[in-house]
Amino acid sequence: MNLHIGKVERYLLELIEEKGTLHFTLVDPDKTKPYEVSKIGRVIDDAGSDAVLVGGSTGVSESILDDVIKELKLVTSLPIILFPGNITGISRYADAILFISLLNSTNPYFITGVQALGAAIVKKYRLEALPTAYIIIGDGGTAGYIGYARGVPLDKPDIAALYALAAEYMGMRYVYFERGSGAPTPVPIEMVKEARKITEKVKLIVGGGIRSPQQAYELAKAGAHIIVTGTIIEYDISKLKSIVNSIREACRYTTK
Ligand code: 1GP
């Protein structure tokens, strides 16, 4: 085990080793009413989710993030990991940050520019940085539009896998295939399989458009290390538990 990694990453790697596939819940401050945050935090905890991502592409400021995270910390001891869409997505109250480079952006600001600006703040707040390649699949919804992405076509699993391999060669430890929040369909299963086949070390995060336990089950079976759901808590919070359970079920006889 790499001794230089931080507390949150150690927790994640040990849990992946133990469980196979993890489940993260995304709380988007722009879509969450302040009075709902503590209820949502409790549901996430009860459902057995493994960590909470906090962030979004629009409507996020540092003080909004601070309030949401402080509220969440009152009700859950799960790690709170920032999922920034821009420089405004950093809060001193989080435990870690997905330190994202949007690899298939056409705008250098989202590949290396905002990272240089954000690095100083991440250091000042002593946040644990998790080096993550963010790859937009399909049009990627709001994240794709805001990030000037040239999304990987849905029928090109080999191209998505090559981005994942490039990320591994560049030393990133996480690859996030993003279909876009609220997307009509999740990341295609074939993309997950191809990426897992071609990479050896990176942990594969998959999110966007996952609404049913069956979809989560199939992505876990295909080899995703982490499955993210967000929208489901906005519409059908009770479904969260069945999604987490289906991931556990998928991992029962599989080793990652
Ligand atoms: C978005 O991948 C996440 O960044 C979650 O997407 O809201 O569709 O679950 P959903």
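Each remark here, short or long, concerns the structure printed above.
Not measured: the values here are computed from a predicted model.

**Some thoughts on the overall build of the protein chain**
- Counting secondary structure elements, the protein chain contains ten helices and eight strands.
- In summary, the protein chain has a C-alpha radius of gyration of 16 Å against a globular reference of 18 Å for 256 residues, a match within 12%.
- Seen along its three principal axes, the alpha-carbon backbone of the protein chain occupies a region of about 40 × 40 × 40 Å.
- Put simply, the protein chain has 256 residues, and 52% of those count as buried.
- Counting contacts in the protein chain only where the partners sit at least 6 residues apart, residues at least 24 apart contribute 73% of the total.
- Of the roughly 11,800 Å² that the protein chain leaves accessible, carbon and sulfur atoms contribute 54%.
- Charge centroids of the protein chain, computed over 29 positive and 28 negative side chains, lie 2 Å from each other.

**Some points on the packing of aromatic side chains**
- In this structure the tally under the stated criterion is five aromatic pairs.
- Measuring from ring centre to ring centre gives 5.0 Å for tyrosine 109 and phenylalanine 110, while their planes differ by 90 degrees; the resulting arrangement is edge-to-face.
- Residue tyrosine 109 is classed as partly exposed on the basis of its relative accessible area, which comes to 29%.
- Judged by centre distance (5.2 Å) and plane angle (85 degrees), the ring pair of tyrosine 134 and tyrosine 176 falls under edge-to-face. Placement of the pair is tyrosine 134 in strand β5 (residues 128-136) and tyrosine 176 in strand β6 (residues 174-178), with a sequence separation of 42 residues.
- For tyrosine 176, a relative accessible area of 1% gives the class buried.
- One aromatic cluster is present, built from ring pairs that chain together Phe83, Tyr134 and Tyr176.

Reading the values: rules and limits
Residues numbered from 1 in each chain as written. Predicted model: local features only at pLDDT ≥ 70, side-chain atom pairs only at ≥ 80, totals over all residues. Heavy atoms only, no water. Helix = DSSP H or I, 4+ residues; strand = E, 2+ residues; numbered from the N terminus. Rg over C-alpha atoms; globule rule 2.2 N^0.38 Å. Buried < 20%, exposed > 50% of the residue type's maximum accessible area, 1.4 Å probe, protein only. Contact = heavy atoms within 4.5 Å. Areas by Shrake-Rupley, 256 points an atom, 1.4 Å probe, with all protein chains shown as cover. Lys, Arg positive; Asp, Glu negative; His and termini not counted. Charge placed at Lys NZ, Arg CZ, Asp CG, Glu CD. Phe/Tyr/Trp six-rings, centres within 6.5 Å; stacked < 30°, edge-to-face > 60°.

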